[in-house]
Amino acid sequence: MVETFNSKQKIARTAGLLYLMLAITSAYGLMYVSSQIYISGDAIATADNILANEFLYRSGIFSNLISQAIFIFLVFTLYRLFKEVNIQQARIMVTLVIVSIPIVFVSEVFEIIALLILKGEALKALDPQLRPEWAMLFQKMNSTTTLVAVLFWGLWLIPFGQLAYKSGFIPKVIGILLIVGGVAYVIQVATALLFPEFKSIVSKWTSIFPTVAELSTILWLLIKGVSQKTGTSSVL
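Throughout what follows, the structure given in this document is the object of discussion. Computed from a predicted structure; not experimentally measured.

**Brief notes about the packing of aromatic side chains**
Across all of its chains, the model carries 8 aromatic pairs by this definition. An angle of 25 degrees between the planes, with centres 5.7 Å apart, marks the rings of Y28 and Y32 as stacked. Remark: Y32 and Y28 occur in helix α1 (residues 5-37); sequence separation between them is 4 residues, near one turn of the helix. The class of Y28 is partly exposed, set by a relative accessible area of 29%. Taking relative accessible area as the criterion, Y32 reaches 41% and is therefore assigned partly exposed. With 5.8 Å between their ring centres and 65 degrees between their planes, F82 and F160 make a pair best called edge-to-face. A residue pair is termed long-range when its members are at least 10 positions apart, and F82 in helix α3 (residues 54-82) and F160 in helix α5 (residues 131-167) qualify at 78 residues. Across this residue pair, the class does not change: F82 and F160 are buried. Lying over the aromatic face of Y165, K172 brings its terminal NZ or CZ to 4.2 Å of the ring centre.

Structure below.
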C-alpha cells in the first residue's frame, strides 16, 4: 500500500531524529572519547589514561553500543520510507547495516577486555609491567574490527544514496553525496589495508565526504522531511 504524504513525512522526520541520535552517540564514542584516551604509539600513556579516566572510557563503549541499537531502528525506518522506490535496494541497504552491527559489538568486547587486563581482572598471572602491551593488543584488535565495520558503513550509503536519488521526494544532490560518501569510506578502508603508510593522509580527506553527506541528510529529513513530489520509481 502506498504511504500517504503525511505518513511519509512522519517517517522521514523519525528517520532524521534517529539519524541525529546515531551521529551524536557515534561521534562521542568514536571521536571524542578516543581523542581523550588514546596516545598513538605510547601503550603506557594510553593505559594510564584508561585507568585514570575509566568512567569516560566505559561511557565511550556504552555510547558505541547504544549507537548500534539506534542504527537498527534507523535503517528499518528508512526501509519503510524507501521500500516503494526500489524494494530490492532497500533490502540491500538493511542487510548491509545488519551485518555491521555484530562486528561493532565484537570490537567493543575487545575494549572491555583491554580494561579488564589493565585492572588485573583478566590474565591475573600476567606481569603487571606487561599489562599495557597486552591491553594495546586488544585495542589494536578493536581498531582492526572497527575498520571492517567502516567498510559496511560505506557500503550501506551507496544503496541509500541510490534510493534517495530515485525517490523524487529527496533532492538528487543528497543522493549523490551519499553515494560519494559511501565510496569515500570504502577507499579509506582499502587504503588502510593496502597502503597503511598513507592511511592518515587519505582518511583526513575522505572523511569529509561522508560527513557532509550524512549531515545534509539529517538536516533535510528533520527540517523538510519529504517534498510534495512523491512520484517514485518502480519497486522492481
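Okay, back to it.
**As for helix α2 (residues 43-52)**
For an α-helix, the turn length of 3.6 residues means that residues three or four places apart are oriented alike. Taken together, the buried positions of α2 are occupied by A43, A45, T46, A47 and I50. Those residues of α2 hidden inside the fold are in contact with α1, α3, α4 (87-118) and α5.

**Overview of the side chain of Q68**
Mapped onto the secondary structure, Q68 falls in helix α3. In this structure Q68 touches S100, I101, V104, F105 and W153, once residues within four positions along its chain are discounted.

**Looking at the nonpolar core**
Membership of the largest hydrophobic core comes to 44 residues, with the highest contact counts inside it found for Y19, L74, L78, L81, F82, W156 and F160. Of all the elements in the fold, those that place two or more residues in this core are α1, α3, α4, α5, α6 (172-194) and α8 (208-224). For this core, the element with the most residues is α5, which contributes 10 residues. With sequence-adjacent residues up to four places away left out, L74 is seen in contact with A15, L18, Y19, L22 and W156. The next biggest cluster of nonpolar side chains, apart from the first, holds 18 residues, and it includes A43, F110, L118 and L126.

**Some words on the packing of α1 against α3**
Working note: a packed helix pair is described by the angle between its axes plus the distance between those axes. In contact at an axis separation of 8 Å, α1 and α3 are set at 155 degrees when each is read in the N-to-C sense. When the axes of α1 and α3 are compared, the pair comes out roughly antiparallel. The two elements α1 and α3 meet at a crossing, and its hand is left-handed. When grouped by side-chain class, the residues that make up the contact of α1 with α3 number 21 nonpolar, 11 polar and 2 charged.

**A few points about the packing of helix α7 (residues 199-206) against α8**
Contact pair α7 / α8: the axes reach a minimum separation of 5 Å and the direction vectors enclose 25 degrees. What the angle tells us is that α7 and α8 run roughly parallel. On the side of α7, the interface is formed by K204, W205 and T206, while α8 contributes I208, F209 and P210. For the contact of α7 with α8, the per-class residue count stands at 4 nonpolar, 1 polar and 1 charged.

Rules of the game
- Residues numbered from 1 in each chain as written.
- Predicted model: local features only at pLDDT ≥ 70, side-chain atom pairs only at ≥ 80, totals over all residues.
- Heavy atoms only, no water.
- Phe/Tyr/Trp six-rings, centres within 6.5 Å; stacked < 30°, edge-to-face > 60°.
- Helix = DSSP H or I, 4+ residues; strand = E, 2+ residues; numbered from the N terminus.
- Buried < 20%, exposed > 50% of the residue type's maximum accessible area, 1.4 Å probe, protein only.
- Lys NZ or Arg CZ within 6 Å of the ring centre and 35° of its normal.
- Contact = heavy atoms within 4.5 Å.
- Core = buried A, V, L, I, M, F, W, Y, C linked by side-chain atoms within 4.5 Å.
- Axes fitted to C-alpha atoms, helices over the stretch in contact; angles between N-to-C directions.
- Parallel < 35°, antiparallel > 145°, perpendicular 65-115°, else oblique.
- Left-handed = near helix turned anticlockwise from the far one by under 90°.
- Nonpolar A, V, L, I, M, F, W, Y, C, P; charged D, E, K, R; others polar.

It is worth stressing that arrangement in space is one thing and function is another; only the former is reported here.
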